[in-house]
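One-letter residues, chain by chain:
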Amino acid sequence: MITTSGLTKIYRSGGPRGRAITALDDVDLHVAEGEVYGVIGQSGAGKSSLIRCVNLLERPTSGTVTVAGQDLTALAGRGPRAGRELRAARSRIGMVFQHFNLLSSRTVQDNVELPLEILGLSGRERARKAAELLDLVGLGERARAYPAQLSGGQKQRVGIARALAAEPKVLLSDEATSALDPETTRSILGLLRDLNRQLGLTVLLITHEMDVVKSICDSAALMREGRIVESGTVTDLLATPGSELAAALFPVSGGGEDPERTVVDLTFQGDAAGRPVISRLARTYDIDVSILGAAVDTVAGRQVGRMRIELPGRYEDNVVPIGFLREQGLHVERAEHPGPDAPAAPPAGPAAPPVAALAKEETK
Ligand SMILES: Nc1ncnc2c1ncn2[C@@H]1O[C@H](COP(=O)(O)OP(=O)(O)OP(=O)(O)O)[C@@H](O)[C@H]1O
Ligand SMILES: [Mg+2]
């Protein structure tokens, strides 16, 4: 539904001879129809640049953007000076912002009607459509209120209703929940998930919060310094050895100091999550298994989890029990061993850095 290939964006500050900042560096992104796709990364990684290039609010320096089969980069103009064709294409892409971007002098209903005015609908059609959308986002009763009279979550619901006014097939969201408390975040994410299911809406969302990815994304990509360093469906990522996203989604840590013991990370999903694999392992091989950490969750309606366990003996001595775990449908990976020459690990252990690295600085 959304494909970018070789997408590059270089900003120049201070004229053509000024310093160049590469915000996007050869980004290939593929968002399938009907999925919720999350892009996560640290501040400055290029997430907003990516989303602004996808709807051509920003003209990419090179590369192409295709949305619903249409090559947007081939259409003329950019930003407010977009040509007619680009404006039409963009009206089929809804956009939701972190700070809602509502017009304070207009009522809730008039805010939702705004894109419909631009499309040239009659007053009656606009009012009917706005009422329908406000019902959809649970604000049917507040049509006459002004933005200042609403809570943050309600404002974001208006933002979402407005984004849906032109019946887009694609919804882009840049940190839509970053200004909201955890409870309200959950309700907005729930709304996006419902809209995705009910309307078949494809959602591309940008976030710096792992919890957002965990609660609603089918697929995810990790961005760093303008590049996508990992991407895939959440379940595939979980089964990918060494995946930073998987480790950050399901952090497990601890152990690994004693060379006479073997520490492995297990990833399980679906059926395997419900089976007593560990107790069977202990019984079958008569070994003491220590569970060092575990995280189980539901991702996109499926049970998935990771667990770090410790087995007695060296890794080489544990080939048979590890084979047994793999046979049970678990993905088994040797935990990173700090080794005697390795730099001192942070207190939380080797699996923790990705999460810390993804957390945005508090001041922002
Ligand atoms: N209009 C601009 N002119 C010059 N540089 C820019 C512009 N917009 C973004 N940048 C630079 O491009 C890089 C990527 O910025 P971008 O806003 O895409 O990051 P981000 O991942 O969205 O960060 P955040 O999580 O803080 O919103 C940064 O180094 C930023 O300073
Ligand atoms: Mg941003």
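Residues numbered from 1 in each chain as written. Chains lettered and ligands numbered in written order. Predicted model: local features only at pLDDT ≥ 70, side-chain atom pairs only at ≥ 80, totals over all residues.

**Section: the packing of helix 3 (residues 108–118) against helix 4 (residues 123–136)**
Between helix 3 and helix 4, the shortest axis-to-axis distance is 9 Å and the interhelical angle comes to 120°. The angle between helix 3 and helix 4 places the two elements in the oblique class. Like other packed secondary-structure pairs, helix 3 and helix 4 cross with a definite hand, here right-handed. Residues Val 108, Gln 109, Val 112, Glu 113, Leu 116 and Glu 117 of helix 3 pack against Arg 126, Lys 129, Ala 130, Leu 133 and Leu 134 of helix 4. When its residues are assigned to classes, the contact of helix 3 with helix 4 shows six nonpolar, one polar and four charged. (Axes fitted to C-alpha atoms, helices over the stretch in contact; angles between N-to-C directions. Helix = DSSP H or I, 4+ residues; strand = E, 2+ residues; numbered from the N terminus. Parallel < 35°, antiparallel > 145°, perpendicular 65-115°, else oblique. Left-handed = near helix turned anticlockwise from the far one by under 90°. Contact = placed C-beta atoms within 7 Å. Nonpolar A, V, L, I, M, F, W, Y, C, P; charged D, E, K, R; others polar.)

**As for the site of ligand 1**
Contacts to ligand 1 come from 13 residues, most closely from Tyr 11, Ala 23, Ser 43, Ser 48 and Ser 49. When residues of the shell around ligand 1 are traced back to their parent elements, those giving at least two are strand 2 (20–31) and helix 1 (47–54). The element best represented in the shell around ligand 1 is helix 1, accounting for three residues. (Near = placed C-beta within 6 Å.)

**Regarding the environment of Ile 51**
Its place among the elements puts Ile 51 in helix 1. Each C-alpha atom, one on Ile 51 and one on Leu 204, is 8.2 Å from the other, the two residues being 153 residues apart in sequence. Discounting chain neighbours no more than four positions away, the residues touching Ile 51 are Leu 172, Asp 174, Leu 204 and Ile 206.

**A short note on the confidence of the model for the protein**
Taken over all residues, the pLDDT of the protein has a mean of 86, while the share at 70 or more is 89%. For the stretch residues 338–364, pLDDT sits under 50, and the model shows 36 contacts to residues farther than four places along the chain or on other chains. (pLDDT = per-residue confidence, 0-100.)

**Comments concerning the environment of Pro 182**
Tracing the backbone shows Pro 182 in helix 6 (residues 182–199). The exposure class assigned to Pro 182 is exposed, which follows from the 9 C-beta atoms found within 10 Å. (Buried ≥ 20, exposed ≤ 12 C-beta atoms within 10 Å, placed from the backbone.)

**Here we look at helix 1**
The element helix 1 is extensively covered by neighbouring structure, given that seven of its eight residues are classed as buried. Taken together, the buried positions of helix 1 are Lys 47, Ser 49, Leu 50, Ile 51, Arg 52, Cys 53 and Val 54. In the segment just after helix 1, Leu 56 is the residue with positive phi, at about 60°.

**Considerations on the pairing of strand 8 (residues 202–207)**
Residues in a regular strand point their side chains to alternate faces of the sheet. Taken across its six residues, strand 8 has six buried, putting it largely inside the fold. Residues of strand 8 alternate between two faces, with Thr 202, Leu 204 and Ile 206 on one and Val 203, Leu 205 and Thr 207 on the opposite face, all of them buried. Pairing between strand 3 (residues 36–41) and strand 8: five bridges, direction parallel. Residue pairing for strand 8: Ile 40 is matched across the bridge by Thr 207. This β-α-β element, strand 7 (residues 170–174) to helix 6 to strand 8, shows right-handed connectivity. (Pairing = 2+ DSSP bridges. Right-handed = clockwise from strand over helix to strand, strands pointing away.)

**Comments concerning the sheet that holds strand 2**
Read across the sheet, four strands follow the order 2-1-4-5 without closing on themselves; strand pairing throughout is antiparallel. With one partner strand each, in any of the chains shown, strand 2 and strand 5 (70–71) form the two edges of the open sheet. Where strand 1 (residues 2–12) lies against strand 2, eight bridges are found, and the strand directions are antiparallel. Across the sheet, residue Leu 7 finds its bridge partner in strand 2, namely Val 27.

**Some words on the sheet that holds strand 6 (residues 93–96)**
Reading across the sheet, the six strands line up as 6-7-8-3-9-10 and stay open at both edges, with mixed pairing between neighbours. Here the strands that pair on one side only, and so sit at the sheet edges, are strand 6 and strand 10 (227–233). When strand polarity is set aside, the average angle formed by the axes of neighbouring strands in this sheet is 15°. Two strands pair when backbone bridges link them, and strand 9 (residues 219–224) and strand 10 are joined in this way by six bridges, in the antiparallel orientation. Looking across to strand 10, one finds that Leu 222 is bridged to Glu 230.

**Describing the environment of Asn 318**
Looking at the secondary structure, you find Asn 318 in the loop between strand 13 (302–312) and helix 11 (319–327). Judged by the 21 C-beta atoms lying within 10 Å of it, Asn 318 is buried. Sequence-distant contacts of Asn 318, that is, excluding residues within four places in its chain, are made with Thr 262, Leu 311 and Gly 313.

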